[in-house]
Amino acid sequence: MVELLKVIKARQIPGCIWGDFNMFLDVEEKVGFSTNQGIIELFINFVFEAGLLDLPLVGGRFTWCNNRVPPTFVRLDRFLLTAEFEVAFPDMSQKLLHKSLSDHNAIHLSVFAVDWGPKPFRLLNHWLEDDGFAELVLTSITNSKQLKPRIRIGGIIRESKMTIKKWVKRQNESGKKSCAMLEKEISALEEEIQSGSVEAGVFHKWKELRSQLWAEYRKEELTWLQKSRLRWFAEGDRNTWFFQLTASARRRANSISVLKRGRRSLWIQKIRDMDAFFLESPFSEQKVWEALFSSDSNRASGPDGLNLGFSKKLWAQLKAEIMRFFMDFSKIVIGNRGSTTLSSHLFQRWQIIGDSQFAFIAGRQILDCSLIANETIDFVSKSRHSGVAFKIDFHKAYDTISWEFLLQILKKCGFREKWCMWIYKCISSAKISILVNGAPMEAFSISRGLRQ
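Remember, it's a predicted structure, so these values are computed and weren't measured experimentally.

1. Here we look at unusual backbone geometry
Both trends apply: most residues other than glycine have a negative phi, and most peptide bonds are in trans.
Then step 1. The amide bond that connects valine 69 to the next residue, proline 70, takes the cis arrangement and shows omega of -5°.
Then step 2. Secondary-structure assignment places proline 70 in the loop between strand 5 (64-65) and strand 6 (73-74).
Then step 3. Phi at asparagine 22 is positive, roughly 60°, even though this residue is not glycine.
Then step 4. Residue classification places asparagine 22 among the exposed residues on the basis of a relative accessible area of 57%.
Then step 5. Residue arginine 384 is not a glycine yet carries a positive backbone phi of 60°.
Then step 6. Along the chain, the position of arginine 384 falls in the loop between helix 15 (367-383) and helix 16 (397-400).

2. Let's talk about the pattern of salt bridges
Then step 1. The tally for this structure, following the rule as stated, stands at 10 salt bridges.
Then step 2. Arginine 75 is the salt-bridge partner of aspartate 54, the closest N and O atoms lying 3.3 Å from each other. Of the two residues, aspartate 54 is situated in strand 3 (residues 52-54) and arginine 75 in the loop between strand 6 and strand 7 (77-82); the sequence distance between them amounts to 21 residues.
Then step 3. Using a relative accessible area of 28% as the deciding quantity, one classes aspartate 54 as partly exposed.
Then step 4. The exposure class of arginine 75 is buried, given its relative accessible area of 6%.
Then step 5. A cluster of three or more residues bridged by salt bridges with shared partners is formed by Glu29, Asp54, Arg75 and Arg78.

3. A few points about the environment of methionine 441
Then step 1. Along the chain, the position of methionine 441 falls in the loop between strand 14 (439-440) and strand 15 (444-445).
Then step 2. With a relative accessible area of 35%, methionine 441 lands in the partly exposed category.
Then step 3. Between the C-alpha atoms of methionine 441 and glycine 117, which are 324 residues apart in sequence, the distance is 9.1 Å.

4. A short note on the side chain of threonine 72
Then step 1. You can see threonine 72 is positioned in the loop between strand 5 and strand 6.
Then step 2. Excluding residues that lie within four positions of it along the chain, threonine 72 makes contacts with Lys30, Val31, Gly32, Phe33, Trp64, Cys65 and Asn66.

5. Some remarks on the sheet that holds strand 1 (residues 16-20)
Then step 1. Spatial strand order, 1-7-3: three strands in an open sheet with antiparallel pairing. This sheet does not close on itself; its edge strands, each paired only once, are strand 1 and strand 3. Taking the axes of each pair of neighbouring strands and ignoring which way they run, one obtains an average angle of 30° across the sheet.
Then step 2. Where strand 3 lies against strand 7, three bridges are found, and the strand directions are antiparallel.

What counts, and where the lines are drawn
- Residues numbered from 1 in each chain as written.
- Predicted model: local features only at pLDDT ≥ 70, side-chain atom pairs only at ≥ 80, totals over all residues.
- Heavy atoms only, no water.
- Helix = DSSP H or I, 4+ residues; strand = E, 2+ residues; numbered from the N terminus.
- Buried < 20%, exposed > 50% of the residue type's maximum accessible area, 1.4 Å probe, protein only.
- Salt bridge = Lys/Arg side-chain N within 4 Å of Asp/Glu carboxyl O.
- Contact = heavy atoms within 4.5 Å.
- Pairing = 2+ DSSP bridges.
- Axes fitted to C-alpha atoms, helices over the stretch in contact; angles between N-to-C directions.

If you want it as C-alpha cells, here you go:
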C-alpha cells in the first residue's frame, strides 16, 4: 500500500486503479466469518490519503465468494478513481456482472456504448458437434440441389448460411439455459443464501447450477479460443500465418537467386518446362481434398462466416459443387468464396519449385533460415574463409507489392500464361471491408499487395 500510495501522489494526472485489493471499506461489505476492523481502517486511510473515489457498485453487494457451504461473501474487487478522472468521465459507473465459475465476480466500468452496426456472421466450431446440426445442414444442401439443379457452390453456401442463422436463432429462443441465465440464477440463490436461514435444498440447487455452468462455459471457452485465432494452443508454438505468408511472398517476388563473381551478372532461376506444364494440369478431387484438409479449419474462405471446418465436415455433400468451381476457375473471375482452398491447392503445386524452399514445409520454420545464416557466418569466421554476407529487406513489401511486377517476375521465371492468370485472379479478385469495432464497413477493391 505504501508503494502504491507514493506512485499515485507522484502522478498529477487523472488516474484509475482497480483489482482485487483483498480488503474492504465497511463491515457491511462482508457476510460470513469474523471481520478484521484493523484491515478496514487501513484501507480507509489509504483511500483517503490517495484522494481516491469509490463509485457505488450497481447490481450487487459482494464480488467474492469462497464457494463453500455455508459460503462467505466479501467485496474485495473495485475501481478507485481520482477526482480528475471522475470529472473527465462524469457518467461512469461500475456494474457487478453475474457470477462465473471463478470465485470472483467481474466488474464492468463503463460510460456509454456506441453501436457501430451488425456484426458479421461467424460459424462456431462447436456447432458442428451439436446434436441435429449436421442433419439440418445436410437437409438444406439436399433441398437446394433438388429445387435448383444448376445451383453452384456459392449458392449452396449462402442458403446453408441462412439455415444455420435460423437454427442459431431458435437455439437462442429455446428454453435451454445459457451461461448468462445460469449465472443469473446462481446470483439469485447467493442473494437468498446471504439473507440467512435457507433450506438445505437451496445449497443442492446452487451446486447443481454450477455444474451445469461448467458445460456451457466449456463451449464459451472454445468460442473465445476460436475468435482469438491462437494456433499454438492446440498445435504447438508456431509462427503466425502472417509471418509465414509474408516470408513466402517476399521470397517468391523479391529474392535474389544468384550473385556471380567476375562479370557480376545477376540472373533468376527458371522453372523447367515439364514443371510449368504440370502446374496447369487438371484439378483432381484427391488433390483438392488434400489441400482443404491441410488448411486451418478456423480460417474463413469468404465473408459468409462459414470456415473451412464447415467444408471439411460436409465434404461428401459439397465436393461435386466444389469440383465444379475448380473446373470453371479458368473461365471466370473468382471472388472471396473458395479462394482460400484454391490458393492452398495452387501452392501445393508450387512446392515443386526450388530445393531450398523453407516456408510451409512440415517440421521446418521460417526461423530455420536465421539459424542457418548464423551457423554459416560462424563457420566462415572460425575457418578464416573470405566471404560477404548480403542482407536485403523491403519495408512492408507484403502490403505494397505491385501485381504487374509480380506477374513480370513469374513470366521471367518461365511460368506459362495460364498459371500467371490464375495467380492474378487469386490476388486481384477480392474486396476488402474494414471492421470498425467488429462491424464491417463498405467493401472496396484493392490495386496492389497480397492478401494475408
